[in-house]
Amino acid sequence: MDTASTGAYDDVRTATRALATEAVHAGRDDLARQGLHAPPIDLSTTYPSYDSRGEAARIDAFAADGADPVGPPVYGRLGNPTVARFETALARLEGTESAVAFASGMAALSAVLLARSAVGLRHVVAVRPLYGCSDHLLTAGLLGSEVTWTDPAGIADALRPDTGLVMVESPANPTLAEVDLRAVAHACGSVPLLADNTFATPVLQRPAEQGARLVLHSATKYLGGHGDVLAGVVACDEELAGRLRQIRFATGGVLHPLAGYLLLRGLSTLPVRVRAASANAAELARRLGDDPRVARVRYPRLGGAMVAFEVHGDPHEVISRVRLVTPAVSLGSVDTLIQHPASISHRIVDADDRRGAGVSDRLLRLSVGLEDVDDLWADLDQALGVPARTPVPLREAVH
């Protein structure tokens with residue numbers, strides 16, 4: 001079992017304020033001056049304007065470079081004040097100039113691919129494993145992209161004149177494999193590196209500080225943190241953010257203001273939640289690693305709240321027997337979730353590619369929440385059942 005301290009977040013700071021302080025205050029700095037304490041929710045889809053010439057000039061400026069329009073809002077698809085607060089806060093936490101929010105993580109990734117293809121750079125170099133739907137989107141070429149899969153050492157050799165993006169996920173979904181982001185960014189040369197930081201969050205690592213030009217989150221997960229919001233976000237420099245805003249405006253993949261409000265609220269407790277869930281996960285990883293019913297445990301050196309483990313018995317039986325832990329797709333909520341990636345999150349990936357990336361048919365992915373760790377272990381202990389003398393044959397559905 002590969003475990004390590006989860007104290008990485010203690011050293012992550014912005015230029016002026018600690019991460020925990022930014023998590024509470026970023027995106028809210030103007031509230032006191034307005035006589036407010038809680039951020040308002042602006043649900044307007046459109047906004048009145050008696051200066052049509054000025055409005056036309058602002059729309060022309062947006063069309064030119066995608067910069068946020070200066071002045072009052074124009075239309076909900078162009079931007080929303082509540083969503084903008086979340087974007088400001090996330091950019092501060094990730095240490096980037098800007099952030100652009102979308103209706104889901106897949107909408108965010110789609111916008112990045114479309115933005116690169118729009119300038120003739122349709123080729124993507126990617127490292128497996130990735131989230132299953134990200135893998136499928138690249139492999140199927142649904143947005144006109146072409147992908148070359150490689151390991152981190154092969155990135156430089158895989159680059160082409162039309163390569164517009166290199167994509168990695170670290171820790172990766174669902175195996176928790178880690179890559180050296182600084183080394184990968186160096187191998188990319190001038191090609192932008194997109195790092196999916198969903199599992200680590202800016203509490204554990206800030207990929208932009210290691211050379212990534214784009215940082216992707218399924219904000220549905222830890223940033224929201226309560227299993228009640230769907231969202232995605234890309235943190236990046238302002239030049240790329242402008243292109244992403246233009247894609248978002250044209251395609252309509254906007255984030256609802258209520259979701260923006262919930263995400264901003266979620267960020268305020270992000271460091272506390274990640275610390276607590278990481279402590280639980282590290283302890284469960286230790287206990288699972290000592291259990292004869294478990295064949296292998298994967299836990300990142302970086303730490304975090306995700307644990308992956310392979311069982312000698314039937315993983316489907318484990319799923320069916322949990323009672324406190326919830327058997328469900330997704331992750332990053334305050335409660336603990338378990339799922340079988342080969343059946344759900346990575347079912348859409350070709351079986352040979354899936355197994356080649358380390359996603360075995362016996363692998364279970366555990367998103368550890370904030371419950372008492374002894375209660376969680378009691379549930380996992382009974383769900384694992386009695387030790388099997390030999391590995392139980394699996395009866396898999398045809399795929």
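This text follows the structure it describes.
In this report, the structure presented in the accompanying data block is examined. (Residues numbered from 1 in each chain as written. Predicted model: local features only at pLDDT ≥ 70, side-chain atom pairs only at ≥ 80, totals over all residues. Heavy atoms only, no water.)

1. Some details on the nonpolar core
Piece 1. The biggest cluster of nonpolar side chains holds 40 residues, and the ones touching the most others in it are Phe 86, Leu 90, Leu 223, Val 233, Leu 255, Leu 263 and Leu 267.
Piece 2. Counting residues per element, the ones that place at least two in this core are helix H1 (19-25), helix H3 (81-94), strand S1 (98-102), helix H8 (201-204), strand S7 (232-236), helix H10 (257-268), helix H11 (270-289) and strand S9 (306-311).
Piece 3. Considering every element that reaches this core, the biggest residue donor is H3, with six residues.
Piece 4. When sequence neighbours within four positions are dropped, the list of residues in contact with Leu 223 reads Phe 86, Leu 90, Pro 202, His 217, Val 233, Leu 263, Gly 266, Leu 267, Leu 270 and Arg 273.
Piece 5. In this structure, Phe 102, Ala 108, Leu 216 and Cys 236 belong to the second largest nonpolar core, which totals 25 residues. (Core = buried A, V, L, I, M, F, W, Y, C linked by side-chain atoms within 4.5 Å. Buried < 20%, exposed > 50% of the residue type's maximum accessible area, 1.4 Å probe, protein only. Helix = DSSP H or I, 4+ residues; strand = E, 2+ residues; numbered from the N terminus. Contact = heavy atoms within 4.5 Å.)

2. Section: the sheet that holds S7
Piece 1. With respect to topology, seven strands assemble into an open sheet ordered S1-S7-S6-S5-S4-S2-S3, the strand pairing being mixed. Since the sheet does not close on itself, it has two edges, and those belong to S1 and strand S3 (146-150), each with one partner. Sheet twist, expressed as the average angle between the axes of neighbouring strands with direction ignored, equals 20 degrees.
Piece 2. Taken together, the four bridges between strand S4 (residues 163-169) and strand S5 (residues 193-196) define a ladder with parallel strand orientation. Paired with Glu 169 across the strands is Asp 196, a residue of S5.
Piece 3. Running at roughly 120 degrees to S3, helix H5 (residues 132-140) makes contact with strand S2 (123-127), S3 and S4 of the sheet.
Piece 4. Helix H7 (residues 181-188) contacts S4 and S5 of the sheet and is inclined by roughly 155 degrees relative to S5. (Pairing = 2+ DSSP bridges. Axes fitted to C-alpha atoms, helices over the stretch in contact; angles between N-to-C directions.)

3. Some thoughts on the sheet that holds strand S10 (residues 326-327)
Hydrogen bonds between backbone atoms are what pair the strands of a sheet, whose relative direction is either parallel or antiparallel.
Piece 1. Judged by pairing direction, the sheet is mixed, and its five strands sit side by side in the order S8-S9-S12-S11-S10 without closing on themselves. One side of each edge strand has no neighbouring strand; the edge strands of this open sheet are strand S8 (294-298) and S10.
Piece 2. Pairing of S10 with strand S11 (residues 337-339), which is carried by two bridges, proceeds in the parallel orientation. Counterpart to Pro 327 in the pairing with S11 is Ile 338.
Piece 3. Along the sheet, H11 contacts S8, S9 and strand S12 (363-367); its crossing angle with S9, the most-contacted strand, is approximately 15 degrees.

4. Side note on the packing of helix H4 (residues 105-117) against helix H9 (residues 238-251)
Piece 1. Relative orientation of the contacting elements H4 and H9 amounts to 105 degrees, with a least axis distance of 9 Å. One way to sum up the angle between H4 and H9 is to call them roughly perpendicular. Counted together, Ala 111, Val 112, Leu 114, Ala 115 and Arg 116 of H4 and Leu 240, Arg 243, Leu 244, Ile 247 and Thr 251 of H9 form the full contact between these two elements. (Parallel < 35°, antiparallel > 145°, perpendicular 65-115°, else oblique.)

5. Brief notes about the pairing of S9
Piece 1. Here S9 lies mainly inside the structure; six of its six residues are buried.
Piece 2. Burial of S9 is two-sided: the residues Met 306, Ala 308 and Glu 310 facing one way and the residues Val 307, Phe 309 and Val 311 facing the other way are all buried.
Piece 3. Pairing geometry for S8 and S9, over four bridges, is antiparallel. Following the sheet pairing, Arg 296 is matched in S9 by Glu 310.
Piece 4. As paired elements, S9 and S12 share five bridges and run antiparallel to each other. When the bridges of S12 are listed, Glu 310 appears paired with Leu 363.

6. Side note on the pattern of salt bridges
Piece 1. Scanning the model with the defined rule gives 25 salt bridges in all.
Piece 2. Put simply, Asp 135 and Arg 128 hold a salt bridge, and the shortest N to O gap is 2.7 Å.
Piece 3. Residue classification places Asp 135 among the buried residues on the basis of a relative accessible area of 4%.
Piece 4. With a closest N to O distance of 2.5 Å, Arg 293 and Asp 381 form a salt bridge. (Salt bridge = Lys/Arg side-chain N within 4 Å of Asp/Glu carboxyl O.)

7. A few points about unusual backbone geometry
Piece 1. Cis geometry marks the peptide bond from Arg 128 to Pro 129, where omega comes out at 0 degrees.
Piece 2. Inspection of the secondary structure assignment puts Pro 129 in the loop between S2 and H5.
Piece 3. Pro 174 follows Asn 173 through a cis peptide bond whose omega is 5 degrees.
Piece 4. Following the sequence through the fold, Pro 174 ends up in the loop between S4 and H7.

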